[in-house]
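# Results of the structural survey
Residues per chain are reported as follows:
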Amino acid sequence: MTTDQQDTGTAALDTDVLVVGAGPTGLMLAAELRLGGAEVVVVDQRPGPTTESRASTLHARTMEILDSRGLLDGLGSPPCEPRGHFGGVPLDLTLPGPYPGQWKVAQTRTEELLERRAADLGADLWRRHQLLSLTVRDGADGAPEGVEAETIGPYGPVRVRARHLVGCDGEDSTVRRLVRAPFPGQDARRELLRADVSGVSVADRRFQRLRHGLAIAATRDGVTRVMVHEFGRPVTERGGGEPDFAEVTDVWKRVTGEDISHGTPLWVNAFGDANRQLARYRHGRVLFAGDAARRQMPSGGQSLNLGVQDAFNLGWKLAAVVRGSAPEGLLDTYDTERHTVGRQVLANIRAQVELLLGGPEVEPTRALLTELLAVDGVRRHLAGMISGLGIRYDVGGGAADPDAPADEGEPGGRGAGADVVPGDVPRSGDPAGLHPLLGRRLPDAWLEPVAGGGRRRTTELLRTGRGLLLSLAGNRAGARAGTDALRAALAPWADRVEFVAGPPEAGGPLPAGQALLVRPDGHVAWAGPRPDGLSGALTRWFGFPAAGD
């Protein structure tokens, strides 16, 4: 990163990536970019980290992501709740994996952890800096290709020149407005009022449906969070502002009959059932992640988790592009993969909103869903959707397991992929014979000791942020030759992908005798017993071989 002072009095700064927004998404992205070797500047108009823990849930996949970077110790021992909900209907979220259920972590704590991580890795964070304008340079005027952004901060204007810019600035994204990115969908028709209140004593309520509306209350550390919706009440126009506490107490009293007006509000807001998504997450050198890419009711605690997972998918790809080890086209896979996931999440949130905010007319549907959730396959499917454990990216072709039975990926089944949950069963349209781990997250598992070493855990192997070629050959005849062939095939990419060999623990989720190419975000990009197709997968995900190889 370089800086200079121009004659206009505007400070100028050059960097690889400018991230706009220092919430959990932007901070996670900054950390991943630095881990991948890119220079990054984060600008945020707030004076400091949030003091409002509007999000308080980390789902299983996000916990795995934090573990894969060695960050979980920083959270201490958060409480775990195995039960979540789908539209207010109780849903058991426990699935195979190291972090079943949902983990209660205040957003303030999550941001603190990720900000420290980004700073430790060398990211620059500029607070009190507001984005005013941005221009994408195509190189036609002789200036370098990239993005030029104008910001205003405590010491005056700053011009930031970056190769790429990522908008992580929330649902009212300034970046999205400046780019004029198409943002189709529907505006809010209904809303939940929400407040954190001290000095009140009300019974905990878990999605209590009363005659006139929905009431939710939970007290932690002397602060009660209340949420309320009055059936049939439309969104209130407030000129872009938040509701006042009196509005919350009035609606709460009409729905529950209780008076909480004597309490002290710590903060108050409303969130509606708007449902929008960018048509594309990539606009050339400008990309979007987190709530800047979509707008939805944060049902089931999915919003923060979705943003962190966006950043985890994008960070290593964008770092590889700015380092020059991968072509620009790699960024298109971010758009394809995460836009698909976002679309699926918005669809499940639309369904949840109808169940949650609908009046008596939705009771038959809620009763039917309650019955269906007693079927474990249904429960696992919805739990995989909410937790993020069910994600399967389309990573292209990969070797099939010639010895795998046709139903090997069935949840709860034995063999490869038994620990990979719905959508574990190959979805309609999946190519026949697709390896059950291809496109899915690498299961958390142990490798047996090799050559006097100790046992190794797959999640810990990801902490370098590099790719991983995992040879799961045992000690049977011919295993060493297969391992040597894999190592030789990898050699031209050895500066980007680590090679690890060792038999998997017996009875675990990894397929003995197979090899797995794992991306830095933990998803399996190639799988098979032989190196057929490995070079193509390495080129697609890690760029062309190093010069001279």
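## Notes on the overall build of the protein
- Within the protein one finds twelve helices and 28 strands.
- Restricting the contact set of the protein to residue pairs at least 6 apart, pairs at least 24 apart contribute 72%.
- Of the roughly 22500 Å² of accessible surface on the protein, a fraction of 51% belongs to carbon and sulfur atoms.

## Things to note about the sheet that holds strand S13 (residues 185-186)
- Judged by pairing direction, the sheet is antiparallel, and its three strands sit side by side in the order S13-S19-S22 without closing on themselves. Edge positions in the open sheet fall to S13 and strand S22 (294-295), since each of these has one partner strand only.
- The pairing of S13 with strand S19 (residues 275-277) spans two bridges and is classified as antiparallel. Bridge pairing in S19 links Gln186 to Asn275.
- Together, S19 and S22 form the strand contacts of helix H7 (residues 330-357), whose direction differs from that of S19 by roughly 175°.

## Thoughts on the packing of aromatic side chains
- Throughout the structure, instances matching the rule amount to three aromatic pairs.
- With a centroid separation of 6.1 Å and an interplanar angle of 80°, the aromatic rings of Tyr99 and Trp103 are classed as edge-to-face.
- For Tyr99, a relative accessible area of 15% puts it in the buried group.
- Accessibility expressed as a relative area gives 15% for Trp103, which makes it buried.
- With a centroid separation of 6.1 Å and 45° between ring planes, the pair formed by Tyr281 and Tyr334 is classed as tilted. Here the residue Tyr281 occupies a position in the loop between S19 and strand S20 (282-283), and Tyr334 occupies one in helix H7, the gap between them amounting to 53 residues. This pair shows no difference in class: Tyr281 is buried, exactly as Tyr334 is.
- The lysine or arginine in question, Arg176, covers the ring of Phe183, its NZ or CZ lying 3.9 Å from the ring centre.
- Looking at Arg455, its charged tip hangs above the ring of Trp446, at a distance of 4.4 Å from the centre.

## Section: the confidence of the model for the protein
- In this model, the protein carries an average pLDDT of 90, and 89% of its residues clear a pLDDT of 70 or more.
- Every residue in residues 400-430 is under pLDDT 50, and counting partners more than four places away or in other chains gives 61 contacts.

Parameters at a glance
- Residues numbered from 1 in each chain as written.
- Predicted model: local features only at pLDDT ≥ 70, side-chain atom pairs only at ≥ 80, totals over all residues.
- Heavy atoms only, no water.
- Helix = DSSP H or I, 4+ residues; strand = E, 2+ residues; numbered from the N terminus.
- Contact = heavy atoms within 4.5 Å.
- Areas by Shrake-Rupley, 256 points an atom, 1.4 Å probe, with all protein chains shown as cover.
- Pairing = 2+ DSSP bridges.
- Axes fitted to C-alpha atoms, helices over the stretch in contact; angles between N-to-C directions.
- Phe/Tyr/Trp six-rings, centres within 6.5 Å; stacked < 30°, edge-to-face > 60°.
- Buried < 20%, exposed > 50% of the residue type's maximum accessible area, 1.4 Å probe, protein only.
- Lys NZ or Arg CZ within 6 Å of the ring centre and 35° of its normal.
- pLDDT = per-residue confidence, 0-100.

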